[in-house]
Amino acid sequence: MYVVLYSFQVKPQQEESFLKGWKGLTALIYKHEGSLGSRLHKEDTLEYIAYAQWPSKDQFDNSGGNLPKEQADKFRGLMRKSCSKIEILHKFEVVEDLLADKIYD
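Here is what the cut-offs are and how they apply
Residues numbered from 1 in each chain as written. Predicted model: local features only at pLDDT ≥ 70, side-chain atom pairs only at ≥ 80, totals over all residues. Heavy atoms only, no water. Axes fitted to C-alpha atoms, helices over the stretch in contact; angles between N-to-C directions. Helix = DSSP H or I, 4+ residues; strand = E, 2+ residues; numbered from the N terminus. Left-handed = near helix turned anticlockwise from the far one by under 90°. Contact = heavy atoms within 4.5 Å. Nonpolar A, V, L, I, M, F, W, Y, C, P; charged D, E, K, R; others polar. Phe/Tyr/Trp six-rings, centres within 6.5 Å; stacked < 30°, edge-to-face > 60°. Buried < 20%, exposed > 50% of the residue type's maximum accessible area, 1.4 Å probe, protein only. Core = buried A, V, L, I, M, F, W, Y, C linked by side-chain atoms within 4.5 Å.

Colleague: What is the right way to look at the packing of helix α1 (residues 15-33) against helix α3 (residues 69-82) in this model?
Modeller: Two measures define how a pair of helices packs: the angle their axes make with one another and the distance between the axes. In contact at an axis separation of 8 Å, α1 and α3 are set at 145 degrees when each is read in the N-to-C sense. For the pair α1 and α3, the crossing hand works out as left-handed. Between α1 and α3, the residues in contact are S17, F18, K20, G21, W22, G24, L25 and L28 and Q71, A72, F75, R76, L78, M79 and S82, respectively. Tallied by class, the residues present in the contact of α1 with α3 amount to 8 nonpolar, 5 polar and 2 charged.

Okay, here's the thing in structure tokens:
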């Protein structure tokens, strides 16, 4: 598994727009690119951290060509307009996965 860690600095009064864009784009990437989904965390009032999971680094590296352009552009636009900064912080290979749904089944 491969993980990409993102940071978002959201502009004041833009949280709702950001969340709409993030949810919409994440759903498209999951549906059309084969990602394993993403989780969004609120670090501070206007600071968010997200991580997206992928089956492999190759699948992440080769993603992007299957998204419906008009929908993806709409959601990316919402995110760009609502954020003062969007950044990829890290990219990781997963070594062990001990989240509760993995070890307590």
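After presenting the structure, the write-up continues.
Colleague: Which parts of the structure should I look at to understand the packing of aromatic side chains?
Modeller: To describe a pair of aromatic rings, you give the distance between the ring centres and the angle between the ring planes. A complete count under the given rule lists 5 aromatic pairs for this structure. Measuring from ring centre to ring centre gives 5.8 Å for Y2 and F60, while their planes differ by 40 degrees; the resulting arrangement is tilted. You can see Y2 sitting in strand β1 (residues 2-10) and its partner F60 sitting in helix α2 (residues 57-61), a full 58 residues away along the chain. The two residues Y2 and F60 agree in class, both being buried. An aromatic cluster is present here, built from Y6, F8, F18 and Y48 joined pairwise through their rings.

Colleague: Sorry, what's going on with the nonpolar core here?
Modeller: Nonpolar side chains in soluble globular proteins tend to end up buried together. The biggest cluster of nonpolar side chains holds 20 residues, and the ones touching the most others in it are Y6, F8 and F18. Where this core is concerned, the elements lending two or more residues are β1, α1, β3 (47-54) and α3. For this core, the leading source of residues is β1, giving 5 residues. Apart from the residues lying within four places of it in its own chain, the contact partners of Y6 are Y48, I49, A50, A52, F60, E87, I88 and L89.

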